[in-house]
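# Examination of the molecular architecture
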Amino acid sequence: GAVLSAPRAGYHRGDQVAVTFAGANPNNDLHRESTYLAVERAEGDDWRRIADDGDWETKLHWKKAGRGRSRITITWDIPDGVEAGDYRIRYFGDSLDAAGAVTPFIGTTQSFAVT
């Protein structure tokens, strides 16, 4: 879940945000009732999900990065109608140990502004 490539401090509508996480093979848990990623907007002290892996403007790319390691790149094409504000991207992964036990983990980027 470590952020390997962080977002810039600011973006405009129409830009693409791309971030990379240390991750795991998505086949470790297919997330049929959940999501692999979330784009969230700050609302006061809380964060509200505004997009996930079911939205056309988001993409998740998995790449094997050596023995037992993976890199997850998440992109978000910022829609024209999105509200200005502070955003972050979260990645929901699942590690698999040698005994076959699955352990969920979460990676979260620093916040970035959309204007």
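Here, every reference points to the structure presented above.
These numbers were taken from a predicted model, which means no experiment stands behind them.

### Some details on the nonpolar core
- Membership of the largest hydrophobic core comes to 18 residues, with the highest contact counts inside it found for Val17, Ile74, Trp76, Ile89 and Phe112.
- Those elements that place two or more of their residues in this core are β3 (16-23), β4 (37-43), β7 (70-77), β8 (85-96) and β10 (112-114).
- The residues touching Val17, leaving out its near neighbours within four places in the chain, are Pro7, Tyr11, Ile74, Thr75, Trp76, Ile78, Ile89 and Phe112.

### Digging into the pattern of salt bridges
- Enumeration according to the criterion identifies seven salt bridges in this entry.
- Where Glu40 meets Arg90, a salt bridge forms, and the shortest distance between an N and an O atom there is 4.0 Å. With a gap of 50 residues between them, Glu40 in strand β4 and Arg90 in strand β8 connect regions that are remote in the sequence. You'll find Glu40 and Arg90 in the same group, each marked buried.
- For the salt bridge of Arg48 with Glu43, the shortest nitrogen-to-oxygen distance reads 2.7 Å.
- The exposure class of Arg48 is partly exposed, given its relative accessible area of 38%.

Definitions and limits used
Residues numbered from 1 in each chain as written. Predicted model: local features only at pLDDT ≥ 70, side-chain atom pairs only at ≥ 80, totals over all residues. Heavy atoms only, no water. Core = buried A, V, L, I, M, F, W, Y, C linked by side-chain atoms within 4.5 Å. Buried < 20%, exposed > 50% of the residue type's maximum accessible area, 1.4 Å probe, protein only. Helix = DSSP H or I, 4+ residues; strand = E, 2+ residues; numbered from the N terminus. Contact = heavy atoms within 4.5 Å. Salt bridge = Lys/Arg side-chain N within 4 Å of Asp/Glu carboxyl O.

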